[in-house]
Amino acid sequence: MKKIKFTNLRLPVNPTQISELRVEEGRFVEVFSNDDITPIEMNLGGNLVLPGLIETHIHLDKACIMDRCQLQEGTLQEAVTSTSAAKIGFTEADVYQRGARIIEQAITQGTTYMRTHVELDPGIGLTSFRAILQLQRDYAWAMGMEICVFPQEGLLNNPGTEELLCEALESGATILGGCPYMDDDPAGQIQRLFELAVQYDCDLDLHLDFDLSPEGMTVPEVVRCTLAHGWQHRVTIGHVTKLSALPPEQLRQTAMALAEAGVQVTALPSTDLFLTGREATHNVPRGVAPLSKLHACGVTCSLSTNNIGNPFTPFGDASLIRQANLLANVCHLGTSAELACCLAWVSEEAAKMIRLPDYGLSPGCHADFIVLDVDTPAAVIAELGQPLMAFKRGRQSFERKPAQLLKPV
Ligand SMILES: [Zn+2]
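Residues numbered from 1 in each chain as written. Predicted model: local features only at pLDDT ≥ 70, side-chain atom pairs only at ≥ 80, totals over all residues. Heavy atoms only, no water.

Enquirer: Before we move on, could you go through the coordination of the zinc ion and cite the residues and values that matter?
Expert: In the first shell of the zinc ion, the protein supplies His57 (NE2), His59 (NE2), His207 (NE2) and Asn306 (OD1), at 2.0 to 2.3 Å from the metal. One way to put it: the four donor atoms around the zinc ion meet at angles of 85 to 172°, and that makes the site irregular. Here the donor residues of the zinc ion share one chain and are spaced in sequence as H-x1-H-x147-H-x98-N. In this pair, His57 is assigned in strand β5 (residues 53-58) and His207 in strand β9 (residues 203-208), connecting sequence segments 150 residues apart. By the burial criterion, His57 is buried, and His207 matches it. (Donors = N, O, S within 2.8 Å, 3.2 Å for Na, K, Ca; no water. Tetrahedral: all angles 85-135°; square planar, octahedral: opposite > 155°, others 65-115°. Helix = DSSP H or I, 4+ residues; strand = E, 2+ residues; numbered from the N terminus. Buried < 20%, exposed > 50% of the residue type's maximum accessible area, 1.4 Å probe, protein only.)

So this is what it looks like as structure tokens:
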């Protein structure tokens, strides 16, 4: 399948006009090269085409374990403890099987690329990491995947963890993650992670500030280290739920500092809503990082799934469109421009955040795209559009038949 001409489709730049796309050797081209091969033609039924969706933050290794966990308090502490206990029973085959289930779901939800976080500590060793490496190879036909290894159970407090992170970074992991709130010295963990990131020349993606007190933010330390090491646009912080607790002027100043340092923010609405605000008996706070306000100050943002079927988030279907709709609901985003932003946070902005090259629908970009029966990009989020098909490097990876009403005749 060398050359394909996709006809009868609509593009996000002008969704009322019927267009065409040409794909050769897995990339979009303006015109086909001049040889004897006749292009295959594929009619996309007048549907909307978007670049494939990007999951910037998902935990495949601890997905689908609710049947092994106790859920009583619904707190972050319980989620960490309960998952840690379940992890003792993880095997490579078990992690592979649960991860494959989520990847296959994500493919049918229009995701074509994901950054997956993998926990490393002396208890689990490299067991989960090895399974994720195998998944990365086995699903490359439909899902690009990059691996971020991180110390969920602490780095400075947990001897042996750093050696495992280094071993993984030398054998296939390309991103280093962190969890500063798990160490007695959060700033110390942040500093050590930056030193390792420079040593391995890798980007950083940290779980940060997971509560709703405006006090004790570690964002300033991340900003300081980013500038000190020249790591601008290579550092992402996830959750950062404290941002939702800041008064407007303090939030603006923090957002400006993040933008100037090129520190990027990922909101994980499902987990953040589930785990925060538990102490409130009424007027429960929302606890989701205010992406639109950060975006207005120039911060690169994304939103992502994080967890599915574990004590951090007991539910999920790997749909980024549903996550974007959830964030739109929670953060009062409803205009066409705001909804288009929500879509960008799982597509163009997400690609920019993880520095994914050749992303989009322009000539030269990888032909990773999805097809939806929806009028406009904003409507994809507002109406929870369901992808009908996806293509990876120009090859179709799944198909969903549109629902058909069976009216009485
Ligand atoms: Zn996470």
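Enquirer: Outline the pattern of salt bridges, listing residues and values.
Expert: By the definition in use, this model includes 27 salt bridges. With a shortest N-O distance of 2.6 Å, Glu119 and Lys62 are connected by a salt bridge. Highlighted residues: Glu119 in strand β6 (residues 111-119) and Lys62 in the loop between β5 and α1 (76-87), separated in sequence by 57 residues. Accessibility classification places Glu119 together with Lys62 in one group, the buried group. (Salt bridge = Lys/Arg side-chain N within 4 Å of Asp/Glu carboxyl O.)

Enquirer: I'd like to hear about the pairing of strand β13 (residues 369-372), residue by residue, with values.
Expert: The two faces of β13 match: Phe369 and Val371 on one face and Ile370 and Leu372 on the other face are all buried. Both strand β4 (residues 40-51) and β13 contribute to a ladder of four bridges, which runs antiparallel. For Leu48, the partnering residue across the bridge sits in β13 and is Leu372. (Pairing = 2+ DSSP bridges.)

Enquirer: I'd like to hear about the packing of aromatic side chains, residue by residue, with values.
Expert: Across all of its chains, the model carries seven aromatic pairs by this definition. Seen from their ring centres, Phe274 and Phe315 are 5.6 Å apart, and the 85° between their planes marks the pair as edge-to-face. Taken together, the positions of Phe274 in helix α8 (residues 269-275) and Phe315 in the loop between β12 (301-303) and α10 (320-330) put the pair 41 residues apart, joining distant regions of the chain. Exposure remark for Phe274: the relative accessible area of 16% places this residue in the buried category. The class of Phe315 is partly exposed, set by a relative accessible area of 45%. (Phe/Tyr/Trp six-rings, centres within 6.5 Å; stacked < 30°, edge-to-face > 60°.)

Enquirer: Describe the sheet that holds strand β15 (residues 395-399), naming the residues involved and giving the relevant values.
Expert: With respect to topology, seven strands assemble into an open sheet ordered β3-β2-β1-β4-β13-β14-β15, the strand pairing being mixed. Looking at strand neighbours, the two that pair on one side only are β3 (27-29) and β15, the edges of this open sheet. Each strand of the sheet is rotated relative to its neighbour by a mean of 40°, with strand direction disregarded. When strand β1 (residues 3-11) meets β4, the two strands line up parallel, connected through six bridges. Within β4, the residue paired with Leu9 across the bridge is Asn47. (Axes fitted to C-alpha atoms, helices over the stretch in contact; angles between N-to-C directions.)

Enquirer: Kindly report on the packing of helix α2 (residues 92-108) against helix α3 (residues 127-138), identifying the contributing residues and their values.
Expert: Close contact between α2 and α3 brings their axes to 8 Å; oriented N to C, the two are set at 45°. If you check the angle between α2 and α3, you find them oblique. Here the hand of the crossing between α2 and α3 comes out right-handed. For the pair α2 and α3, the contacting residues are Glu92, Val95, Tyr96, Gly99, Ala100 and Ile103 in the first and Thr127, Ser128, Arg130, Ala131, Ile132, Gln134, Leu135 and Asp138 in the second. Residues belonging to the contact of α2 with α3 are distributed by class as follows: seven nonpolar, four polar and three charged. (Parallel < 35°, antiparallel > 145°, perpendicular 65-115°, else oblique. Left-handed = near helix turned anticlockwise from the far one by under 90°. Contact = heavy atoms within 4.5 Å. Nonpolar A, V, L, I, M, F, W, Y, C, P; charged D, E, K, R; others polar.)

Enquirer: Could you give me a rundown of unusual backbone geometry, with the residues and numbers involved?
Expert: Even without a glycine there, the phi angle at Asp209 is positive, about 50°. If you trace the backbone, Asp209 turns up in the loop between β9 and α6 (219-229). Of note, the phi angle at Asn283 is positive, near 45°, even though the residue is not glycine. Within the secondary structure, Asn283 sits in the loop between α8 and α9 (291-296).

Enquirer: Summarise the pairing of strand β7 (residues 144-150); cite the residues concerned and give the values.
Expert: For β7, the tally of buried residues reaches seven of seven residues, placing the bulk of the element in the interior. Residues Gly144, Glu146, Cys148 and Phe150 of β7 are buried on one face, and the alternating residues Met145, Ile147 and Val149, pointing to the opposite face, are buried as well. The pairing of β6 with β7 spans seven bridges and is parallel. Counted as the bridge partner of Arg115 is Glu146 from β7. Where the polypeptide runs from β6 across α3 and back to β7, its parallel neighbour, the crossover connection is right-handed. (Right-handed = clockwise from strand over helix to strand, strands pointing away.)

Enquirer: Residue-level account of α1, with values.
Expert: The end-to-end C-alpha separation of α1 is 16 Å, in line with the 16 Å expected for twelve residues at 1.5 Å each. Along α1, the positions that sit buried rather than exposed are Leu76, Glu78, Ala79, Val80, Ser82, Thr83, Ala86 and Lys87. Lining the buried residues of α1 we find β6 and α8. (Expected span 1.5 Å × (residues − 1).)

Enquirer: Lay out helix α4 (residues 161-169) with the relevant residues and their values.
Expert: When α4 is considered as a whole, its buried residues turn out to be Thr161, Leu164, Leu165, Cys166, Ala168 and Leu169. Where the residues of α4 are buried, they touch α3, β7, β8 (175-178) and α5 (186-200).

Enquirer: For the packing of α4 against α5, give the residues involved together with the corresponding values.
Expert: For the pair α4 and α5, the least separation of the axes is 11 Å and the interaxial angle reads 25°. Put simply, α4 runs roughly parallel to α5. The way α4 lies across α5 gives a crossing that is right-handed. The segment α4 lies against α5, with Glu162, Cys166 and Leu169 engaging Arg192, Leu196 and Tyr200. Of the residues in the contact of α4 with α5, the class split is four nonpolar, no polar and two charged.

Enquirer: If you had to explain the sheet that holds β5 to someone new, which residues and values would you point to?
Expert: The sheet built from eight strands is open, its strands ordered β5-β6-β7-β8-β9-β10-β11-β12 with parallel pairing. Two strands close off the open sheet at either side, each with one partner strand: β5 and β12. Across the sheet, the axes of successive neighbouring strands diverge by a mean angle of 25°, strand direction being ignored. The strands touched by α2 within the sheet are β5, β6 and β7, with β6 carrying the most contacts at an inclination of about 155°.

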